[in-house]
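So the chains spell out like this:
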Amino acid sequence: MSGILVVQEAGRNRISFEALAAGRVLADLTGLPLETAAVGDPNSNVFVETSGPPPAAAYAVQHPLLESYTSDGYVLAFEQLIRKLEPSYIVFPHTYQSRDYVPRLATRFGQVLIGDITGIEPGPTFVRQLFQGKMNGSYRHQGDGPCFLSIQAGAFRADAPQPGTFTIQPFEPEIPASAIRTKPGAPFRGSAQTVDLGSAQLIVSVGRGIKDADNLPMVQNLATALGAELAASRPICDNGWLPMERQVGSSGQTVAPRLYLAIGISGAIQHLVGMKSSQCIVAINKDPDAPIFEVADYGIVGDLFEVVPALTEAVKAAKQ
Amino acid sequence: MKIIVAIKQVPERDAQVRVDAAAKWIEASDLQYALNESDAYALEEALQLKEKHGGEVIVVTAGPERVGQTIREALAKGADRGIHIDCDDLESRDALGVARLLAAAVKPENADLLLTGLQSEDLGQGQTGVILAELLGLPHASLILHVEKTDSGLTVKRELEEGWFQTIELPTPAVLTIQSGGNKLRYATLMGIKRAKTKEVRRATAAELAVDAAPVVLLERVSLPQKQKSTQILPGTPKEAAAALVEKLKFEVRVL
C-alpha cells in the first residue's frame, strides 16, 4: 500500500482537476504520494494540460478495446493497474461514467465506493449528501483494502490548468475481446435543441411543488411578466409537463443567468449543479429546510400558489 | 421473460427528516414511507416488458416489517410475487452488504433480467444494481431509459450527461439500473389491490441467506449541512414578500 491514485477522465478535464485537488487534500492529511492515471493517449489533454504541482507518477492506460467506454473493459484495466500500484486510496471524478463502473471495480476488491463526496476531514472521514441534500453523512473506511472515492463536481477547487512537464508511463492492461460483453453505440443528442437556456438572462424555473400540469400557466405568467425563459427540474420533464429541452441540471442544461428564480424546487444536487453559478438565485418554497435555500441569495418561505400570483402582479406594477 | 425488480422503501419525499439523538441516523418514529421513485420506473419497465413478451415479474426488497407494504403495492400494480428479506439492521450494512443479501435471495431464481432504480432517495449511493451485476457475474448497463428485447438479448437507451444519449446492446441475463422518466407510471387498480392480497411473498432472513454483515464502509455521523450562502429570507404575507422581492430585483439585482 503506497499512495493515492487519482483516475482522471479524458474530455472531462475540469472535474478531473477537481479530483486531483481532492487527492492533494488527502495527500496532505496522510503524507502519501499522489499518482494519476487516465485511459487514453499520453498526449491526451488531461495530461498535457494539467493542474497544480506534478504528480509522483502518471500512467496512460492504453488498449484498443478501451477506445469506446465499456464497464467490462474499464473494470479489467483498472483492476490490473490497482493490483500493480497497490494504492491506499483511489479517487475518481463522480461522473456518469465512473458511477457506471467504479462500484463494480470496488466489489472486485471486496470494497465499497464512497461516492459523490463533498468534503474530506481529518481521520480521514468523507462527507457525502443524504436525503437529496437535506443531510450530510460522514463516512469512514475500515480494514486493509484500498479505499475507493468519487468527488462531486464543484466540491473541490481545482488549480489553474498549466502545461504538464512530467513523464507519463504507458500502462497496457490485458483485455481479451471476449471479456467485453456490452456493445456501446455512438452518443447522440436527444431532441433538436430549440431552446437555448444557456444564453437566457432571466430564468423562471419550476419544480415538483407545482403539483399538476394545470398549474403551469401561473408560472408561465410570471415568466412572461419578467421577460424570462421558463425552465424546470427533472420531475416536471419526466412527467411530460414541459419538454426535456427545458430541463436544468446534470442531465439537462447548465445555466448561469443573471436571475434564476426557483419555484417549488427542493434543490437536489442533480439540479443544483445545473444552476448554482447563476448570479442571483431566488427560491420560493414551503419547506424552510429545502436545500435550495443553501444556495439562494433571496428566499420566500411560503405557499407558491399564493406567492407566485402576488409576485406576478408586483412585477407587472413595477414595469408600468 | 423472468424479470426481477429490486425495490426500496424510503422516507416520503416531503418528509421532515431530523437527525436522531445519537447523530447516527434520522429520527425514524412517525416517518411516512413510499416506494423509491426510480424503482417505480424500474417496476414499470418490467411490467411493460412482461405485457409485450410474457413471463413473470418478481419484486425483491430488504428491510423490516414495514417494507411489506411496499411489496404489496408493487404486487397491486401487477408484479406476480415478492421476496422480502427480513432485516432490521439495513442502515448498518454498506452497499456491498445489502447487494450481497439481494444477490443471495435472487440467485436461485435464474432470471433473464434484473432491474433496479438508478439510486435511492435516502442514501443516494446509486450502486446496488451495479454491485449486484458483479456479484452475479452478469453484464450491466446503468441510467437506462428504454429497454427493447432482441433475438440475441437487449438493446437499451442509456442517458449520458447534458442531453446526450447512447444505445447499448447486451446479452441476457443482464442487470439494468433504470433512470426516471422513461415511461409513464401506472396506478394500482382496485382489482389489482384485491389480487395482491393472494399473491405469494416469500420471506427470507439474512441468517438464512448466510451473508456476512461486516461492513467496510461505516456511516459514522449524520448532520445538517452548512449553508454555502447566507440567504436573505423575505418575510411577511405573500403580498409583502412579493413586494420586497420586486424591490430587490429592481434596485440590487437590477433586472427589472
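Residues numbered from 1 in each chain as written. Chains lettered and ligands numbered in written order. Predicted model: local features only at pLDDT ≥ 70, side-chain atom pairs only at ≥ 80, totals over all residues.

I tried to follow the packing of helix H3 (residues 71-85) of chain A against helix H4 (residues 96-108) of chain A on my own but got confused; where do I start?
If you want to describe how two helices pack, look at the angle between their axes and the distance between the axes. Residue and element names in this part refer to chain A. Relative orientation of the contacting elements H3 and H4 amounts to 45°, with a least axis distance of 9 Å. Here H3 lies oblique to H4, going by the angle between them. Where H3 crosses over H4, the two elements pack in a sense that is right-handed. For the pair H3 and H4, the contacting residues are Ser71, Tyr74, Val75, Phe78 and Glu79 in the first and Asp100, Tyr101, Arg104, Leu105 and Arg108 in the second. Taken together, the residues of the contact of H3 with H4 sort by class into five nonpolar, one polar and four charged. (Axes fitted to C-alpha atoms, helices over the stretch in contact; angles between N-to-C directions. Helix = DSSP H or I, 4+ residues; strand = E, 2+ residues; numbered from the N terminus. Parallel < 35°, antiparallel > 145°, perpendicular 65-115°, else oblique. Left-handed = near helix turned anticlockwise from the far one by under 90°. Contact = placed C-beta atoms within 7 Å. Nonpolar A, V, L, I, M, F, W, Y, C, P; charged D, E, K, R; others polar.)

Help me understand the environment of A:Tyr260, please; the structure alone is not making it clear to me.
Residues and elements named next belong to chain A. Examined against the element boundaries, Tyr260 turns out to sit in strand S16 (residues 259-263). Looking at Tyr260, the number of C-beta atoms within 10 Å reads 29, which means it is buried. Placed 36 residues apart in sequence, Tyr260 and Ala296 show a C-alpha to C-alpha distance of 9.2 Å. The residues contacting Tyr260, other than those within four sequence positions of it, are Ile203, Ser205, Val255, Met275, Ser278 and Ile281. (Buried ≥ 20, exposed ≤ 12 C-beta atoms within 10 Å, placed from the backbone.)

Even after reading the chapter, I still don't get the nonpolar core, so can you show me in this structure?
Side chains that are nonpolar tend, in soluble globular proteins, to be buried together. Formed by 112 residues in total, the largest nonpolar core has its most connected members in A:Val91, B:Val5, B:Leu43 and B:Leu102. Tallying contributions element by element places helix H3 (residues 95-106) of chain B first for this core, with nine residues. Among residues more than four places away in sequence, those in contact with B:Val5 are B:Ala42, B:Leu43, B:Ala46, B:Val57, B:Val59 and B:Leu115. Judged by nonpolar contacts, the second largest core, of 52 residues, contains A:Ala200, A:Ala268, A:Met275 and B:Leu234. (Core = buried A, V, L, I, M, F, W, Y, C linked by C-beta atoms within 7 Å.)

Looking at this model, I keep getting lost on the sheet that holds strand S12 (residues 217-223) of chain B. Mind explaining?
Think of a sheet as strands paired side by side through backbone hydrogen bonds, with each pair either parallel or antiparallel. On the basis of which strands lie adjacent, the open sheet formed by ten strands has the order S11(A)-S4(A)-S2(A)-S1(A)-S5(A)-S9(A)-S6(A)-S7(A)-S8(A)-S12(B) and mixed pairing. One side of each edge strand has no neighbouring strand; the edge strands of this open sheet are strand S11 (168-171) of chain A together with S12 of chain B. The average undirected angle you get between the axes of adjacent strands in this sheet is 35°. Against the sheet, H4(A) makes contact with strand S5 (89-93), strand S6 (114-121) and strand S9 (147-151) of chain A, and its axis sits at roughly 170° relative to S9(A), the strand it touches most. (Pairing = 2+ DSSP bridges.)

Explain the sheet that holds strand S13 (residues 232-233) of chain B to me, please; I cannot follow it from the model alone.
Taking strand neighbours across the sheet as the criterion, the six strands line up as S15(A)-S14(A)-S16(A)-S17(A)-S18(A)-S13(B) in an open arrangement whose pairing is parallel. Strand pairing shows two members of the sheet lacking a second neighbour, strand S15 (229-232) of chain A together with S13 of chain B, which therefore form its edges. The sheet contact formed by strand S17 (residues 280-285) of chain A and strand S18 (residues 298-301) of chain A spans four bridges and is parallel. By the bridge assignment, A:Val282 is partnered in S18(A) with A:Tyr298. Sheet strands in contact with helix H6 (residues 238-251) of chain B are S16, S17 and S18 of chain A, and its direction is about 170° off that of S18(A).

Honestly, the environment of A:Glu18 in this entry has me stumped. Any pointers?
Residue and element names in this part refer to chain A. Summarising the element assignment, Glu18 is placed in helix H1 (residues 13-30). Measuring from C-alpha to C-alpha, the distance between Glu18 and Tyr69 comes to 22 Å, with 51 residues separating the pair along the chain. Setting aside chain neighbours within four positions, we find Glu18 in contact with Pro93, Ile151, Ala153, Ala155, Phe156 and Ala158.

How do you make sense of H3(B) when you look at a structure like this?
Structural remark: α-helix, 3.6 residues per turn; residues separated by three or four positions point the same way. When the terminal C-alpha atoms of H3(B) are compared, their 16 Å separation across twelve residues agrees well with the 16 Å that a helix rising 1.5 Å per residue should span. Where H3(B) is concerned, the buried positions are B:Ala95, B:Leu96, B:Gly97, B:Val98, B:Ala99, B:Arg100, B:Leu101, B:Leu102, B:Ala103, B:Ala105 and B:Val106. (Expected span 1.5 Å × (residues − 1).)

I'm lost on the interface of chain B and chain A in this one. Help?
Interface size, as often reported, equals the accessible area lost upon joining of the parts. Of the residues lining the interface, 66 residues belong to chain B; the matching set on chain A comes to 71 residues. The set of elements that each furnish at least two residues to the side of chain B that touches chain A consists of H3, helix H4 (128-136), strand S7 (140-149), strand S9 (164-171), S12, S13 and H6 of chain B. At ten residues, H6(B) tops the list of elements feeding residues into the side of chain B that touches chain A. Split by residue class, the side of chain B that touches chain A holds 36 nonpolar, 15 polar and 15 charged. Relative to S9(B), strand S12 (residues 183-184) of chain A is paired through two bridges, and the arrangement is antiparallel. Paired with A:Pro184 across the strands is B:Ile168, a residue of S9(B).

Would you explain the domain arrangement of chain A in this entry?
Residue and element names in this part refer to chain A. Taken domain by domain, chain A comprises domain 1 (4-179) and domain 2 (197-319). Here the C-alpha centroids of domain 1 and domain 2 sit 34 Å apart. Taken together, the contact between domain 1 and domain 2 spans seven residues of the former and seven residues of the latter. Within the side of domain 1 that touches domain 2, the residues separate by chemical class into one nonpolar, five polar and one charged. (Domains from an automatic or database assignment.)

Just checking my understanding: could you explain unusual backbone geometry for this structure?
Most of the time, phi is negative for any residue but glycine, and the peptide bond is trans. Backbone torsion omega between A:Gly123 and A:Pro124 reads -10°, so that peptide bond is classified as cis. Position of A:Pro124 among the secondary structure elements: in the loop between S6 and strand S7 (125-130). With an omega of 0°, the peptide bond running from B:Thr172 to B:Pro173 counts as cis. In this fold, B:Pro173 is placed in the loop between S9 and strand S10 (174-178). A positive phi angle, close to 55°, is found at B:Ala23, a residue other than glycine. With respect to the helices and strands, B:Ala23 occurs in the loop between strand S2 (9-11) and strand S3 (33-35).

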